Protein chains: 2
Amino acid sequence: MATDSACAIIVGNEVLTAKIADANGPLLARRLRARGVPLCAVHTVPDDVDAIVEALALARRRARWIITSGGIGPTHDDVTVRAVALALGRRVVRLPEMEALIRDTWQVTELTPAALRLAEAPEGATLVGVPGAHFPVLCCDGIFMLPGVPKYFALQLEAVLATLPLEPLTLRCLFLSAHEHEIAQALDAVALENAHVAIGSYPVVEPDACYRVKLTIEHVSADEVAKVLERLKKELPEGSVISEEEPKRAG
Amino acid sequence: MATDSACAIIVGNEVLTAKIADANGPLLARRLRARGVPLCAVHTVPDDVDAIVEALALARRRARWIITSGGIGPTHDDVTVRAVALALGRRVVRLPEMEALIRDTWQVTELTPAALRLAEAPEGATLVGVPGAHFPVLCCDGIFMLPGVPKYFALQLEAVLATLPLEPLTLRCLFLSAHEHEIAQALDAVALENAHVAIGSYPVVEPDACYRVKLTIEHVSADEVAKVLERLKKELPEGSVISEEEPKRAG
């Protein structure tokens, strides 16, 4: 597991009860990938303090950055800020900067208790500005707390990504005519020799496919990927490699 | 958290690296819901023994049944069976019944070591037959190990669901004209009084929507849902409830 990886926590009763399909996790996976930041897990948990705290504890052992989605509104089921504070052993405080922003945005002088909850944050939290948006991203100890509404999640995510280092991965593929069990021995040997390079094996089940297995080889170094690719070509059963590009069906 | 709930573990480097969008988690959420089994979390983790063991440990504290997706093929990245065995403190053994099935299905007398890996299971595992499929579902201590290929996942899932009790939930909704922060106080009070009933609050952000917040009320007892619904109607700010059906836009 890379040290500089990210983990996602989707706070979502509505996802677990199949009311909506989560769009934020898949978007995060694509955008982190484009940026070269490995995503080491996505935990979808209920709007429940204990469940979020547990997921945060797990994520903090694995990832440098954690991105949460949802649970930061003003109602009883919005418990992400409280859970982050608990997981970090910090108090919940009200950020004067956020209070001022809410007053300005809503054009009111007095805020209701519910509205004031939007200004709450774990003690020591900082704000990451979002170009083109009223509200900044709440961040504390590498945990970025994003809203669950996909439109705002996407907007805030770009501001978060801009703060992370950029190191794109190289990905190359091999398309094979052999079944997975016929290549397993050679593949295992090469994978064991090159544990630092991510090698994936994906069988195709459609009977009319032009290949039976797709191998993926990934690393931040293009040289390492090329080395493993050559090694695989040498070790895999003779004649089993069709191409490095996805074979097209005739006709 | 209901005791008789389920948890999903998606073993999926290909999901975390955005090569594919996971279809198995969303399908599982829909099918469990139709069957009335609460889904308490979905953990998407890499094809990595430690990560799967950690997720299993977390899931076992929360759920009675665990459904895993992926990582049960014959290659180096297929480590789900080993991880389940480790999480349960059991040895990995070869199931003679599975060996025989593989021999019959592939019509061979001698199996390669890679093929034999498909017959491995945590000690004490049982097999759940799948109507219309060659291979059964591997099950051990309430953990069902399903394949990641969506077609086979869907087929095996139905066989798993048929073994679980059936207790459909009642869901009713309220569509409101008020903003979430305007209803938060009333909503919090009703939710606190009725902690056994799941109440969700979902703001709409589209400026041209016919309502501002959708409330969902859910429980296995229709009576409990009706009671909470009436209580909410009484406690919410006057005039804020538009309807129980989704309002349609004029024109």
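The rules behind each value
- Residues numbered from 1 in each chain as written.
- Chains lettered and ligands numbered in written order.
- Predicted model: local features only at pLDDT ≥ 70, side-chain atom pairs only at ≥ 80, totals over all residues.
- Heavy atoms only, no water.
- Phe/Tyr/Trp six-rings, centres within 6.5 Å; stacked < 30°, edge-to-face > 60°.
- Helix = DSSP H or I, 4+ residues; strand = E, 2+ residues; numbered from the N terminus.
- Buried < 20%, exposed > 50% of the residue type's maximum accessible area, 1.4 Å probe, protein only.
- Least-squares fit on C-alpha atoms with pLDDT ≥ 70 in both.
- Contact = heavy atoms within 4.5 Å.
- Polar contact = N/O pair within 3.5 Å; in protein donor to acceptor, adjacent residues only side chain to side chain.
- Pairing = 2+ DSSP bridges.
- Axes fitted to C-alpha atoms, helices over the stretch in contact; angles between N-to-C directions.
- Parallel < 35°, antiparallel > 145°, perpendicular 65-115°, else oblique.
- Left-handed = near helix turned anticlockwise from the far one by under 90°.
- Nonpolar A, V, L, I, M, F, W, Y, C, P; charged D, E, K, R; others polar.

All right, on to the packing of aromatic side chains then. Residue and element names in this part refer to chain A. Applying the stated criterion across every chain, the model contains 2 aromatic pairs over all chains. Relative to Y211, the ring of F175 has its centre 4.8 Å away and its plane inclined at 80°; by these criteria the two rings are edge-to-face. Of this pair, F175 sits in strand β9 (residues 170-176) while Y211 sits in the loop between β10 (198-203) and β11 (213-219), placing them 36 residues apart in sequence. Both residues of the pair, F175 and Y211, count as buried.

Aligned on chain A, chain B shows an RMSD of 0.0 Å; the corresponding rotation is 180° and the shift along the axis is 0.0 Å. In the structure described here, the two chain copies are related by an operation that fits a two-fold rotation axis. Of the C-alpha atoms belonging to chain B, the one lying closest to the rotation axis is found on H43 of chain B, 2.2 Å away. The overlap is high: 98% of the interface residues of chain B also sit at the interface in chain A, so the same surface is used on both sides.

On to the side chain of H219 of chain B, then. Residues and elements named next belong to chain B. Secondary-structure assignment places H219 in strand β11 (residues 213-219). There is a polar contact of 3.0 Å between the side chain of H219 and the backbone nitrogen of S221. When near neighbours in sequence (up to four residues on either side) are disregarded, H219 contacts L169, T170, H196, V197, E224 and V225.

Let us look at the pairing of strand β7 (residues 137-140) of chain B. All names here are of chain B. Burial along β7 is two-sided: the face carrying V137 and C139 and the face carrying L138 and C140 are both buried. Two strands pair when backbone bridges link them, and strand β6 (residues 126-128) and β7 are joined in this way by 3 bridges, in the antiparallel orientation. When the bridges of β7 are listed, V128 appears paired with V137. The pairing of β7 with strand β8 (residues 143-146) spans 3 bridges and is classified as antiparallel. Counted as the bridge partner of L138 is M145 from β8. Counting the residues that bridge the hairpin from β7 to β8 gives 2 residues, and of these D141 lies at a positive phi of roughly 55°.

Moving on, we get to helix α4 (residues 80-88) of chain A. Since the α-helix turns once every 3.6 residues, residues separated by three or four places project in the same direction. Every buried residue of α4 of chain A is accounted for by T80, V81, A83, V84, A85 and L88 of chain A. Positive backbone phi, approximately 65°, marks G89 of chain A, located one or two places after α4 of chain A.

On to the sheet that holds β11 of chain B, then. Residues and elements named next belong to chain B. Taking strand neighbours across the sheet as the criterion, the 4 strands line up as β10-β11-β9-β12 in an open arrangement whose pairing is antiparallel. Strand pairing shows two members of the sheet lacking a second neighbour, β10 (198-203) and β12 (241-243), which therefore form its edges. With direction set aside, neighbouring strand axes in the sheet form an average angle of 30°. As judged from the 6 bridges shared by β10 and β11, these two strands associate in the antiparallel manner. Within β11, the residue paired with Y202 across the bridge is K214. Strand contacts of helix α9 (residues 222-235): β9 (170-176), β10 and β11, with the helix running at about 15° to β9, the strand carrying the most contacts.

Quick look at the packing of helix α3 (residues 49-62) of chain B against helix α4 (residues 80-88) of chain B now. Residues and elements named next belong to chain B. Running from amino to carboxyl end, α3 crosses α4 at an angle of 50°, the nearest separation of the two axes being 9 Å. One element, α3, and the other, α4, form an angle in the oblique class. Of the two possible hands of crossing, α3 and α4 adopt the one that is right-handed. Across from V49, I52, V53, L56 and R60 in α3, the residues of α4 making contact are T80, R82, A83, V84, L86, A87 and L88. For the contact of α3 with α4, the class distribution of residues is 9 nonpolar, 1 polar and 2 charged.

The values reported here are purely geometric and, on their own, carry no functional implication.
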